[in-house]
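Residue-level listing of the chains:
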Amino acid sequence: MADEQTLVIIKPDGVQRSLVGEIIGRLERRGLRIVAMELRSISRETAERHYAEHEGKPFYAGLVDYIVSGPAVILVFAGPGAIAVTRSTVGATRPAEAAPGTIRGDLGLTVGRNLIHASDGEESAARERALFFPDGVTSYDRAIDPWILES
Ligand code: IDP
Ligand code: MG
């Protein structure tokens, strides 16, 4: 499977609820590798660019307010099939419909506080990585990789 890099945001509710370690741990234990990570308050301008595809939808204003409401943790996870693997670990957009065992299905209740963002395809992953980490990410190997990734 192709090596991919996907952008993840632990949204402000995840930070306020002290779920950062829980959420990162689930993705890390899956075998994905953290290649960028930062706690930061997202500016309104960056939030609007990130969610531009949703402009005009009824929830757009509330979504932007939510994402800028406090610090968020922004990461890039790398690994084979990382984009789809991360989306399936995150679960459905509406936590009430997300499968148990997923991050949203175990930790969330409502769509307006669904804890986490993850890129939904190669194009959005590239765009979102460039938006949040314009200087790129950190490449490195892990000694454990042969136990996680069959070469
Ligand atoms: P995704 O995060 O699973 O990719 P999208 O459809 O791309 O879901 O929506 C982006 C974000 O917008 C969601 O994660 C959620 O925070 C918010 N959102 C989506 N639909 C609704 C809604 O109907 N009401 C409130 N917020 C919504
Ligand atoms: Mg989306």
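As a starting point, this report considers the structure included with it. (Residues numbered from 1 in each chain as written. Chains lettered and ligands numbered in written order. Predicted model: local features only at pLDDT ≥ 70, side-chain atom pairs only at ≥ 80, totals over all residues. Heavy atoms only, no water.)

1. Thoughts on the nonpolar core
Counting 20 residues, the largest nonpolar core has Val8, Ile23, Leu27, Leu75, Phe77, Ile103 and Ile116 as its most contacted members. Of all the secondary-structure elements, those providing two or more residues to this core are strand E1 (3-10), helix H2 (20-29), strand E3 (72-80), helix H5 (82-90), helix H6 (103-107) and strand E4 (116-118). Dropping the residues within four chain positions of it, Phe77 is found in contact with Glu4, Gln5, Thr6, Val8, Ile24, Leu27, Glu28, Leu32, Arg33, Ile34 and Ala82. Counting residues in each nonpolar core, the second largest holds 19 residues, with Leu7, Ile9, Tyr66 and Ala72 among its members. (Core = buried A, V, L, I, M, F, W, Y, C linked by side-chain atoms within 4.5 Å. Buried < 20%, exposed > 50% of the residue type's maximum accessible area, 1.4 Å probe, protein only. Helix = DSSP H or I, 4+ residues; strand = E, 2+ residues; numbered from the N terminus. Contact = heavy atoms within 4.5 Å.)

2. Observations concerning the packing of aromatic side chains
Under the defined criterion, the tally for this structure stands at 0 aromatic pairs. Here the guanidinium or amino end of Arg33 rests over the ring plane of Tyr140, the centre of that ring lying 5.8 Å away. Seen from the ring of Phe133, Arg40 lies directly overhead, with NZ or CZ sitting 5.9 Å from the centre. (Phe/Tyr/Trp six-rings, centres within 6.5 Å; stacked < 30°, edge-to-face > 60°. Lys NZ or Arg CZ within 6 Å of the ring centre and 35° of its normal.)

3. Brief notes about the site of ligand 1
Every residue lining ligand 1 is accounted for by Lys11, Tyr51, His54, Phe59, Leu63, Arg87, Thr93, Arg94, Arg104, Val111 and Asn114. Take Val111: an N or O atom from its main chain is 3.4 Å from an oxygen atom of ligand 1. With respect to ligand 1, the side chain of Asn114 contributes an N or O atom lying 2.8 Å from an oxygen atom. In the complex, the protein chains occlude 79% of the 530 Å² of accessible area that ligand 1 would expose alone. The class makeup of the residues in the shell around ligand 1 is 4 nonpolar, 3 polar and 4 charged. (Near = heavy atom within 4 Å. Polar contact = N/O pair within 3.5 Å; in protein donor to acceptor, adjacent residues only side chain to side chain. Areas by Shrake-Rupley, 256 points an atom, 1.4 Å probe, with all protein chains shown as cover. Nonpolar A, V, L, I, M, F, W, Y, C, P; charged D, E, K, R; others polar.)

4. Overview of the sheet that holds E3
One open sheet accounts for 4 strands, arranged E2-E3-E1-E4; its pairing is antiparallel. Either end of the sheet is taken by a strand with one partner, and the two such strands are strand E2 (33-40) and E4. Each neighbouring strand pair of the sheet contributes to a mean axis angle of 15 degrees, computed without reference to strand direction. Bridge count between E1 and E3: 8 bridges; the pairing is antiparallel. Note on E3: the bridge partner recorded for Ile9 is Ile74. Each of E1, E3 and E4 touches H5; the most contacted strand, E1, lies at about 35 degrees to it. Those strands touched by helix H7 (residues 122-132) are E1, E2, E3 and E4, and its axis lies near 60 degrees from that of E1. (Pairing = 2+ DSSP bridges. Axes fitted to C-alpha atoms, helices over the stretch in contact; angles between N-to-C directions.)

5. Structural notes on H5
Every buried residue belonging to H5 is among Ala82, Ile83, Val85, Thr86, Thr89 and Val90, and all of these are buried. Of the surrounding elements, those touching the buried residues of H5 are E1, H2, E3, H6, E4 and H7. Backbone geometry just downstream of H5 places Gly91 in the positive-phi region, at approximately 95 degrees.

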